[in-house]
Amino acid sequence: MAKYGKKAQSKVKKAMHERKTGTLRSGKSGKKVKSRKQAIAIGLSEARRAGAKVPAKKSSARKTSAKKSGARKSSAKKSGARKSSAKKSGARKSSARKSTSRKSATKKSGARKTSKKRSAKR
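Everything numeric in this text was worked out from a predicted model, so none of it was measured.

S.K.: Please clarify how the overall build of the chain should be interpreted in this entry.
M.R.: Looking only at helices and strands, the chain has three helices and zero strands in total. Mapped from its N terminus to its C terminus, the chain presents α and β elements in the order α-α-α. Taken over 122 residues, the chain has a buried fraction of 12%. Counting contacts in the chain only where the partners sit at least 6 residues apart, residues at least 24 apart contribute 47% of the total.

Structural data, given as structure tokens:
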């Protein structure tokens, strides 16, 4: 028995044709699709939405859960190092904020001086 129906075949064919002509665009970003694989994926997802006979997407839950559990273990080790460095950088951040506020204040006052000069000339 066939995995894909006629409707799915036509949707993929249409997506491939759009890719060839340069009118196929990706969903969120709206960039032009150049990849053949991406065009097929778009066609299949459109077919799924239309209710065509298409197998469900392969679940990557196993892969992601393994990655997450590994990431959690390593992040716990790293968080101790981050905390100590955060304390040190906290003092740096506050001093950096003060210096930027001073700079912006001088810029503003400089702008005021020039505007006064201009109004005096008029």
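Anyway, onward from the coordinates.
S.K.: Can you walk me through helix 1 (residues 6-21) in this structure?
M.R.: Helical periodicity: at 3.6 residues per turn, an α-helix aligns residues three or four positions apart in one direction. With 16 residues, helix 1 extends 23 Å from end C-alpha to end C-alpha; this agrees with the ideal 22 Å at 1.5 Å per step. Considering only its buried residues, helix 1 is in contact with helix 2 (36-50). Where helix 1 terminates, the next one or two residues include Gly 22, which has phi positive at roughly 90°.

S.K.: Sorry if this is basic, but what is going on with the side chain of Ser 26 here?
M.R.: Tracing the chain through its elements places Ser 26 in the loop between helix 1 and helix 2. One polar contact links Ser 26 to Ser 29, side chain to side chain, over a distance of 2.9 Å. For Ser 26, the contacting residues outside a window of four places in its chain are Lys 31, Val 33 and Gln 38.

S.K.: Any chance you could explain the packing of helix 1 against helix 2 here in plain terms?
M.R.: Two packed helices can be described by the angle between their axes and the distance between those axes. Interaxial distance between helix 1 and helix 2 falls to 8 Å at its minimum, and their mutual angle equals 140°. As the angle between them shows, helix 1 and helix 2 are arranged oblique. Between helix 1 and helix 2 lies a crossing of right-handed hand. Seen from helix 1, the contacting residues are Lys 7, Ala 8, Lys 11, Val 12, Ala 15, Met 16 and Arg 19; seen from helix 2, they are Arg 36, Ala 39, Ile 40, Gly 43, Leu 44, Glu 46, Ala 47 and Ala 50. Of the residues contributing to the contact of helix 1 with helix 2, the split by class is nine nonpolar, one polar and five charged.

S.K.: Help me understand the environment of Val 33, please; the structure alone is not making it clear to me.
M.R.: Position of Val 33 relative to the elements: it lies in the loop between helix 1 and helix 2. Classification of Val 33 by relative accessible area gives buried; the value is 4%. Sequence separation between Val 33 and Thr 23 is 10 residues; the distance between their C-alpha atoms is 8.2 Å. Residue contacts for Val 33: discarding those within four places in its chain leaves Arg 19, Leu 24, Arg 25, Ser 26, Gln 38, Ala 39 and Ile 42.

S.K.: Can you walk me through the environment of Ile 42 in this structure?
M.R.: Tracing the sequence through the fold places Ile 42 in helix 2. The spacing of Ile 42 and Ala 15 is 27 residues in sequence and 6.9 Å in space, taken between C-alpha atoms.

What counts and how
- Residues numbered from 1 in each chain as written.
- Predicted model: local features only at pLDDT ≥ 70, side-chain atom pairs only at ≥ 80, totals over all residues.
- Heavy atoms only, no water.
- Helix = DSSP H or I, 4+ residues; strand = E, 2+ residues; numbered from the N terminus.
- Buried < 20%, exposed > 50% of the residue type's maximum accessible area, 1.4 Å probe, protein only.
- Contact = heavy atoms within 4.5 Å.
- Expected span 1.5 Å × (residues − 1).
- Polar contact = N/O pair within 3.5 Å; in protein donor to acceptor, adjacent residues only side chain to side chain.
- Axes fitted to C-alpha atoms, helices over the stretch in contact; angles between N-to-C directions.
- Parallel < 35°, antiparallel > 145°, perpendicular 65-115°, else oblique.
- Left-handed = near helix turned anticlockwise from the far one by under 90°.
- Nonpolar A, V, L, I, M, F, W, Y, C, P; charged D, E, K, R; others polar.

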